[in-house]
Amino acid sequence: MIRINEHYLKLQASYLFSDIARRVAAFQTENPDKNIIKLGIGDVTRALPPACIGAFHKAVDEMADDSQFRGYGPEQGYGFLRQAIAENDFQSLGAEIAADEVFVSDGAKCDTGNIQELFAGDIRVAVPDPVYPVYVDTNVMAGRTGAANKGRYQGLVYLESTEANNYVPAPPAEAVELIYLCFPNNPTGATASRDQLQAWVAYAREHKALILFDAAYVAFIRDDTIPQSIYEIEGAKEVAIEFRSFSKNAGFTGTRCAYTVVPKDCIAYDANGSKQPIHALWNRRHTTKFNGVSYPVQRAAEAVYTKEGQAQVRELTDYYLNNASLIREYIGRLGYSFVGGENSPYIWIKTGEDSWDFFDRLLNKASVVTTPGSGFGACGQGYVRISAFNSHANVEEAMRRIEMALG
Ligand code: PLP
């Protein structure tokens, strides 16, 4: 009799995006003439930068020629891309990350989901609340939690991100071994200061813990005082893994390319308390279970680091940040308190009512789709997330309608 992994039965069905889709579809059926504007999901809307497209085309042409064709590549990624990443994303910040500490992959979702399998089943895991759900669900699947109770899994430590701490949790009083952090944050849009990250690194060093730092939205940081990488913090290389993606900077959500940095100094411990380099474990996992990102996609990603690529990515992220600042302006004028949208494409609004009630009000009165904060965790109740990923004209029209509906 084939039996299942029972931990999967603990997973709370995520009704968030299907519930949104159902409500939007019902509204559209009842109001066929209404033009609905979606500021809900976190997918980009603009085309790939021309530099990436040029490199992509060229690499496809190489694949059409026997003399230049490439079959399986290195599982960890081609040297040209790993080198460009190490130099441009880390060494330029003074963070000593080497090319062979970079593992190229097909997504930060997969990497943030897969990394936990390197660690013991009985470690204590801390996750933000509200949270990008992948961190939680993959630990549930692995059996690191008990059952869910009122939206929270027993055994997890929830790092509450609320107005009281400006949406950046401090390290907990208790000891945990694995810590998920995401800055700029999804869903809140909050960013962490150098001091705040320093406190986390100090905590991890003291408790022999590991930080999993998700920087998928780093390209939206404009404030020079905000660290871009956890490796800008002294001592982080021993206690932190960083995840990045080409999805939100260069619009690769459908093209798929990301990477994970595992420094050679980063360690975890075996049952005897002996140090084990995580780099070797992740390399083993990656080469066993993954066969590399396609060559044309890696060439397209490499083009992000050319002079034209950098300018085009800047223009793309500026475009969405300009949308975000318009959203901030309107929401501020309406008198709501909010966070995000300055160094992030997300704006997290304190609505003063139930998340779904506010969502429904915006849908019914303004034909605008947002994301109810309660879908991201208990601390998201009473909030909605507005995403800046849409055309400027649509964002302008959406905010005008919201002002009319709520003003
Ligand atoms: N990490 C966070 C915090 C995200 O919000 C997302 C996507 O929305 C991802 C990772 C996924 O990135 P990728 O497209 O590289 O899988």
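Our structure is the block above this text.
Bear in mind that the values here come from a model prediction, so they are computed numbers and not experimental data.

(A) View of the site of the ligand. Around the ligand lies a shell of 15 residues, among which Asp214, Tyr217, Ser245, Ser247 and Lys248 are the nearest. With respect to the ligand, the backbone of Lys109 contributes an N or O atom lying 2.9 Å from an oxygen atom. Note that an oxygen atom of the ligand is positioned 2.8 Å from one of the side-chain N or O atoms of Arg256. Relative to its unbound accessible surface of 400 Å², the ligand loses 91% to contact with the protein. For the shell around the ligand, the residue count by class is seven nonpolar, four polar and four charged.

(B) Broad picture of the sheet that holds strand S13 (residues 337–340). Taking strand neighbours across the sheet as the criterion, the four strands line up as S13-S14-S17-S16 in an open arrangement whose pairing is antiparallel. Two strands in the sheet have a free side with no partner beyond their single neighbour: S13 and strand S16 (371–372). As judged from the four bridges shared by S13 and strand S14 (residues 346–350), these two strands associate in the antiparallel manner. Its bridge partner lying in S14, Phe338 is registered against Ile349.

(C) Seen up close, the layout of surface pockets. Taken as a whole, the largest pocket holds about 1300 Å³ of empty space. Among the secondary structure elements, those contributing two or more residues to the lining of the largest pocket are helix H1 (16–30), helix H4 (108–114), helix H5 (133–141) and strand S5 (152–153). Sorting elements by how many residues they give to the lining of the largest pocket places H5 first, with six residues. Of the residues belonging to the lining of the largest pocket, the class tally is 22 nonpolar, 13 polar and 11 charged. The space that makes up the second largest pocket amounts to roughly 570 Å³. If you list the elements that add at least two residues to the lining of the second largest pocket, you get helix H3 (79–90), strand S9 (240–245) and helix H9 (307–333). Per-element tally for the lining of the second largest pocket: the top contributor is H9, with four residues. Class assignment for the residues of the lining of the second largest pocket results in 13 nonpolar, seven polar and eight charged.

(D) Inspection of the pattern of salt bridges at higher detail. Taken as a whole, this structure holds 24 salt bridges when the rule is applied. Here Arg285 makes a salt bridge to Glu117, at a shortest N to O gap of 3.5 Å. Linking Arg285 in helix H7 (residues 278–289) with Glu117 in the loop between H4 and strand S3 (125–129), this pair joins segments that are 168 residues apart in sequence. We note a salt bridge from Asp318 to Arg222, for which the minimum N-O separation is 2.9 Å.

(E) Broad picture of the state of the cysteines. If you walk through the whole model with that rule in mind, you get zero disulfides. With no disulfide of its own, Cys257 lies closest to Cys52 among cysteine sulfurs, the gap being 10 Å. With no disulfide partner, Cys379 has as its closest neighbouring cysteine sulfur the one in Cys182, 15 Å distant. Using a relative accessible area of 13% as the deciding quantity, one classes Cys379 as buried.

(F) Here's a closer look at H7. Between its terminal C-alpha atoms H7 stretches 16 Å, which fits the 16 Å expected from 12 residues at 1.5 Å a residue. Restricting attention to buried positions, one finds in H7 the residues Ile278, His279, Trp282, Arg285 and His286. What you see down the axis of H7 is that its buried residues fit within an arc of 130°, all on one side. Facing away from the buried surface of H7 by more than 90 degrees, the exposed residues are Arg284 and Thr288.

(G) Up close: the pairing of strand S8 (residues 210–214). Most of S8 is tucked away: five of the five residues are buried. In the sheet, strand S7 (residues 178–182) pairs with S8 via five bridges, with the strands oriented parallel. Pairing of Leu178 across the sheet is with Leu210, part of S8. Of the pairings in the sheet, the one linking S8 to S9 comprises four bridges and is parallel in character. Bridging across to S9, Asp214 finds its partner in Phe243.

(H) Just H9, in detail. End to end, H9 covers 39 Å across 27 residues, agreeing with the expected 39 Å (1.5 Å per residue, within 8%). At its buried positions, H9 is contacted by helix H2 (50–63), S13, S14, strand S17 (383–387) and helix H11 (392–406). Backbone geometry just downstream of H9 places Gly335 in the positive-phi region, at approximately 90°.

Quick notes on the rules
- Residues numbered from 1 in each chain as written.
- Predicted model: local features only at pLDDT ≥ 70, side-chain atom pairs only at ≥ 80, totals over all residues.
- Heavy atoms only, no water.
- Near = heavy atom within 4 Å.
- Polar contact = N/O pair within 3.5 Å; in protein donor to acceptor, adjacent residues only side chain to side chain.
- Areas by Shrake-Rupley, 256 points an atom, 1.4 Å probe, with all protein chains shown as cover.
- Nonpolar A, V, L, I, M, F, W, Y, C, P; charged D, E, K, R; others polar.
- Pairing = 2+ DSSP bridges.
- Helix = DSSP H or I, 4+ residues; strand = E, 2+ residues; numbered from the N terminus.
- 1 Å grid on protein atoms, 1.4 Å probe; cavity = no way out; pocket = protein on both sides within 12 Å on 5 of 7 lines; lining within 4 Å.
- Points joined across faces, edges and corners; volume = space filled by probe spheres on them.
- Salt bridge = Lys/Arg side-chain N within 4 Å of Asp/Glu carboxyl O.
- Disulfide = S-S within 2.5 Å.
- Buried < 20%, exposed > 50% of the residue type's maximum accessible area, 1.4 Å probe, protein only.
- Expected span 1.5 Å × (residues − 1).
- Arc of directions from axis to C-beta.
- Contact = heavy atoms within 4.5 Å.

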